[in-house]
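Geometric and topological summary
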Amino acid sequence: MEKKKFYITTPIYYPSDKLHIGHTYCTVAADALARYKRLTGCDVMFLTGTDEHGQKIEDKAKEAGCTPKEFVDNIVEGEHGVLDLWKLMNISNDRFIRTTDDYHVAAVQRIFKKMYEKGDIYKGTYKGKYCKPCESFWTESQLVDGKCPDCGREVQDAEEEAYFFRLSKYADRVQHLLEDTDFLQPRSRVNEMVNNFIKPGLEDLCVSRTSFSWGVPVDFDPGHVVYVWVDALFNYTTALGLFNDRYHDYDQYWPADVHLVGKEIVRFHSIIWPAMLMSMEMPLPKHVFGHGWLLLDGGKMSKSKGNVVDPYILAEKFGVDALRFFLMRTFPFGSDGNFSNELLIQTINVDLANDLGNLLSRTTAMVGKYFGGTLPEGCRTCANPEACDGELRDMATALRGAYENAMESFAPHNALAEIFKVIQRANKYIDETAPWALAKDMEHNGARLAHVLYNLLEATRICGILLSPFIPASAEKIFDQIGACDGCRTWESAAQWGSLTETAVVTKGENLFPRIDADKALAELEELEAEARKAALPPVEFEPFTEEAVDFDTFCKSDFRVVKVKACEAVKKSAKLLKFTLDDGTGVDRQILSGVHAYYEPEELTGKTLVAIVNLPPRKMMGQESCGMLLSAVHTEHGEEKLHLVMLDDSIPAGAKLC
Ligand code: MSP
C-alpha cells in the first residue's frame, strides 16, 4: 500500500543574526511532528531553510565589511550557524533551502513573470519618503522622528516605480478560505486576520524594490528586485522542484499539509500566500498553524534588545533532549509562553528526572536485582491480577489514541501531558504493588513480582515510543535499557499491551536525566550567558571619526608638549583620579589630574614620557588644580572601555612641542 504523504515546513529564517531559542522552538515543534508522522508510517517531507535576501541583510553585510553572500554564508554555514544548530538539536529535516540557491532564484523569476503575464502583477508607483544623501526610500513608519533612520537628515516625499500584486482581486476568496475552512489554525487567529486586514480593504501589494539590489532581480526589468516575501514564500514550492530541475517532488508533496509559522507572520502566510497561489492556479496548503512566541520577562526576544536566549548554552548545559522536551511540554503551542531558566530546570527535574527517570531506573533496577535482568517466561499473565494492573494497562493502551488526537490537532503539549499521566500512574503502581515487599518471599510472590515488573516495562515501552518524536536519542536509550526489540518500538505496538518479549534482557543503564541542582545551575548559566553576551559584542570598537573639519590655525593653537612624570599618586577619596607632577621643560613643575586610575597604578607611571596639552585653562578637580590634560588613546573591547596613555620614547626631552 502506498504510504500517506505528509509535507511540513518551518518558516525560513533570516540569517541576519545568530538564531535564538525562539527560532529553535518552531523548528523543534516541526521536527517532533515530522518524526511523529514518520512513526505512524507516513512518507514525510520536512523542509526548513534560510531567507537570505533583502535590505536588512544588505545593510548588515555593509556594516560587517563583506558581501551579502559572504555575510549569510557565515551565519548559515559557519561555526554555531543555522546548520550547526539544527544538527545539534537533532532536527530531521529532509531538505534545507537557501533562497540564494540558483535554482530558487531562477524559479522565482519565472513565477514573478507568470503572475505579470497573467496581469496579476502590474507596474505602478510606490509612494514613500526619500533621503537624498543616502539614496534610500523609506515608508512613513520606518522614519525616526520624521527623519531618515540611517543618517537622521530630512526626507522628502518621493515616488518610485514599482510592481504591484493584485491582492485586492483575491480578497473575497481569501476571506472565504479563512472563515469557512480550517485552513488557518488555531481558529482564534482567523478573526484577527479578517477584521484587521481583510475587512478594512486589502490593498494591492508592492512586490518589487529599486532602492537596494540584494534580491532576486526582475529579469524583464533590470533595476527591480522581487519583494523578499514573494521570494521567501515560494520557497515551499521551489524546494520541491517547482520550475527547476534540482528537485522532482512537487507532484508528490504539494500541497503542504502544514506550514508552521510564528504569529507575526501569519498574515503573510494566510492572506498573501494563498492569494499568490490562487493567481498561480496552484493548490493551496492544507493548513497554516500560527504558534505563539517565547517571551522573556514578558517581552519578545530580540537581538537589538539584547535579551535573546542562546540554545547552544542550554543544550550544552542540560542536553539536547531535555531542551527539546522542555520547549514542547511547557508552552501551549498556539499561545505565548514566558521562558525562564528556572522553569526549564523545574521541568527537567519534575518530569524527566523524577517521573520518567525514576520509573525507568526503578523498574530496570528491580528487574536486575530480583531476576538478574531477565524476567521468567509466563510473566505476561498473572494468577491473581489486581485492579491496579488493569488500570495501568487500560491507561497505557488508550494512550496512543489520545496522543494521536493531540498531535493531529497540532497540540504537542497535550500529547506530552497525556504521556505523563501514564508515567505518573505507573509510578503510583510501583507504590501500590510494593515490589520490594513481594521480593521478600520469592517462593510465594515471585510470579506476581515478575508480572508487576513486566507491566512496568510495558508501560515504559509504550511511553517511550510516544516520547520518541520529542526526545529521540533518549527514547532509543530507554528501549535499549528495557530490552525492546525492533518490533516493539513501533507505532502499531504502542497500542498493543504485551508486545515486549517476556524474557527481554533488561539493563539498568546510565541515568538519562540526572537531577539538576537549581541554584548551582542558575549561577553557572548566568555566568555563561554573560560571557556569551560579551563575546557577541564586536570585539573592538572605536569612536566614529569626526566629520566636522577644523581649520589649521585653530589646530595650531593647541599646545602639545612632551612631559616627564616626576611623581604620581592617587587623589584621596577619588577612585579615578591620579595626580601627576610633571617636568614640562620650563623648570617649574606642572600638576595635572587625570582619570586613569582604573587603568594604571601610580608606581607604573613615574619616569614615563607622556604628552600633555598645556594651554587649556586650569581647572579644579576634587579641590586640586589641574593645568592641562594628558593625551590618551581610547577604544572599546568586548563592550569595555580601554584607555592607553600616549607614551613616547624616553630620549625625547621634556618640553618638546608636538606639531
Ligand atoms: N524570513 C521570515 C520567514 C519567511 S517564511 C516564508 C522570518 N524569519 S525570522 O527569522 O525572523 O523568524 C522565523 C520564525 O521564528 C518566525 O516564525 C518567528 O515567529 C519565529 N520566532 C522568532 N522569535 C520567536 C520567539 N521568541 N518565539 C517563538 N518564535 C519566534 O520571519
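Residues numbered from 1 in each chain as written. Predicted model: local features only at pLDDT ≥ 70, side-chain atom pairs only at ≥ 80, totals over all residues. Heavy atoms only, no water.

Before going further, it helps to spend a moment on the overall build of the chain. A tally of helices and strands in the chain yields 22 helices and 26 strands. For 659 residues, the compact-globule estimate of 2.2 N^0.38 gives 26 Å, and the C-alpha radius of gyration of the chain, at 34 Å, exceeds that figure by more than 25%. Projecting the C-alpha coordinates of the chain onto the three principal axes gives extents of approximately 110 × 75 × 40 Å. Residues classed as buried in the chain amount to 52% of the 659 residues present. A fraction of 74% describes how many contacts in the chain between residues 6 or more apart in sequence connect residues 24 or more apart. Accessible surface, the chain: about 30700 Å² in total, of which carbon and sulfur atoms supply 50%. (Helix = DSSP H or I, 4+ residues; strand = E, 2+ residues; numbered from the N terminus. Rg over C-alpha atoms; globule rule 2.2 N^0.38 Å. Buried < 20%, exposed > 50% of the residue type's maximum accessible area, 1.4 Å probe, protein only. Contact = heavy atoms within 4.5 Å. Areas by Shrake-Rupley, 256 points an atom, 1.4 Å probe, with all protein chains shown as cover.)

The contact between helix α16 (residues 412-433) and helix α18 (residues 442-467) brings their axes to 10 Å, and the two run at 165°. Considered as vectors, α16 and α18 are oriented roughly antiparallel to each other. The interaxial crossing formed by α16 with α18 has left-handed handedness. Facing α16, whose interface residues are Leu416, Ile419, Phe420, Val422, Ile423, Ala426, Tyr429, Ile430 and Thr433, α18 presents Arg448, Val452, Asn455, Leu456, Ala459, Cys463, Leu466 and Leu467. The residue makeup of the contact of α16 with α18, split by class, is 14 nonpolar, two polar and one charged. (Axes fitted to C-alpha atoms, helices over the stretch in contact; angles between N-to-C directions. Parallel < 35°, antiparallel > 145°, perpendicular 65-115°, else oblique. Left-handed = near helix turned anticlockwise from the far one by under 90°. Nonpolar A, V, L, I, M, F, W, Y, C, P; charged D, E, K, R; others polar.)

Attention shifts here to the sheet that holds strand β15 (residues 337-339). Strand order in the open sheet formed by three strands is β14-β13-β15, and the pairing between neighbours is mixed. The open sheet is flanked by β14 (299-300) and β15, the only strands paired with a single partner. (Pairing = 2+ DSSP bridges.)

As a further point, take the side chain of Ser16. Topologically, Ser16 is positioned in the loop between β1 (5-13) and α1 (21-39). Here Ser16 falls in the buried class, since its relative accessible area comes to 5%.

With an omega of -10°, the peptide bond running from Gln185 to Pro186 counts as cis. Structurally, Pro186 can be placed in the loop between β7 (184-185) and α7 (188-198). Following Trp254, the chain continues into Pro255 via a peptide bond in cis, with omega recorded as 5°. When you line up the elements, Pro255 lands in the loop between α10 (250-253) and β11 (258-262). You will see that Lys573, though not glycine, has its phi angle at about 65°, which is positive.

So, on to a negative patch on the surface. Together, Glu342, Glu526, Glu527 and Glu531 make up a region of like negative charge exposed at the surface. With three residues, the single largest contributor to the negative patch is helix α20 (residues 518-536). You can see Glu526 is positioned in helix α20. A relative accessible area of 59% means that Glu526 is categorised as exposed. (Patch = residues over 30% accessible without salt bridge, like charges linked within 9 Å, V, L, I, M, F, W, Y side chains within 5 Å. Salt bridge = Lys/Arg side-chain N within 4 Å of Asp/Glu carboxyl O. Lys, Arg positive; Asp, Glu negative; His and termini not counted. Charge placed at Lys NZ, Arg CZ, Asp CG, Glu CD.)

Across ten bridges, strand β4 (residues 121-131) lies against strand β6 (residues 156-165) in antiparallel orientation. Bridged to Thr125 within β6 is Glu161.

A separate point is the site of the ligand. Taken together, the neighbourhood of the ligand is formed by 24 residues, with Ile12, Asp51, Gly262, Glu264 and Leu294 sitting nearest. Here Tyr14 contributes a backbone N or O atom positioned 3.1 Å from an oxygen atom of the ligand. Here Asp51 contributes a side-chain N or O atom positioned 2.7 Å from a nitrogen atom of the ligand. Look at the ligand: alone it shows 660 Å² of surface, and the protein chains cover 95% of it. (Near = heavy atom within 4 Å. Polar contact = N/O pair within 3.5 Å; in protein donor to acceptor, adjacent residues only side chain to side chain.)

On to the nonpolar core, then. Nonpolar side chains tend to gather and get buried jointly when the protein is soluble and globular. Of all hydrophobic cores here, the largest spans 115 residues; its most connected members are Leu260, Phe318 and Ile419. Sequence-distant contacts of Phe318, that is, excluding residues within four places in its chain, are made with Leu344, Ile345, Ile348, Ile516, Ala521 and Leu525. One finds Tyr7, Ile111, Ala232 and Leu240 within the second-largest nonpolar core, a separate group that totals 62 residues. (Core = buried A, V, L, I, M, F, W, Y, C linked by side-chain atoms within 4.5 Å.)

This brings us to the sheet that holds strand β24 (residues 632-637). Taken together, the three strands give an open sheet; going across it, the order is β16-β24-β25, and neighbouring strands pair in antiparallel fashion. The outermost strands of the open sheet, each flanked by one partner alone, are β16 (540-541) and β25 (640-645). In this sheet, β24 lies alongside β16 in antiparallel orientation, the contact comprising two bridges. Bridging from a neighbouring strand, Val540 pairs with Glu637 of β24.

Bringing helix α5 (residues 102-118) into the picture now. In this model, α5 (17 residues) spans 25 Å end to end at C-alpha, consistent with the 24 Å of a helix rising 1.5 Å per residue. All of the buried residues in α5 are Tyr103, His104, Val105, Ala107, Val108, Gln109, Ile111, Phe112 and Met115. Looking at the residues trailing α5, positive phi occurs at Gly119, about 95°. (Expected span 1.5 Å × (residues − 1).)

According to the stated counting rule, one finds 40 salt bridges in the structure shown. Between Lys566 and Asp589 there is a salt bridge; the shortest N-O distance is 2.6 Å. Taken as a pair, Lys566 in strand β17 (residues 560-570) and Asp589 in the loop between β18 (578-583) and β19 (590-594) lie far apart in primary sequence, 23 residues in all. Owing to a relative accessible area of 46%, Lys566 belongs among the partly exposed residues under this scheme. Taken together, the salt bridges that share partners define one network made up of Glu52, Lys69, Asp73, Glu77 and Arg98.

For any pair of aromatic rings, the description consists of the separation of the ring centres together with the inter-plane angle of the planes. Under the defined criterion, the tally for this structure stands at 27 aromatic pairs. For the ring pair Tyr122 and Phe164, a centre distance of 5.9 Å and an interplane angle of 20° mean the geometry is stacked. Placement of the pair is Tyr122 in strand β4 and Phe164 in strand β6, with a sequence separation of 42 residues. Taking the ring centre of Phe197 as reference, the NZ or CZ of Arg267 above it sits at 5.1 Å. For Arg267, the ring lying beneath its charged end belongs to Phe268, and the centroid distance is 4.7 Å. (Phe/Tyr/Trp six-rings, centres within 6.5 Å; stacked < 30°, edge-to-face > 60°. Lys NZ or Arg CZ within 6 Å of the ring centre and 35° of its normal.)

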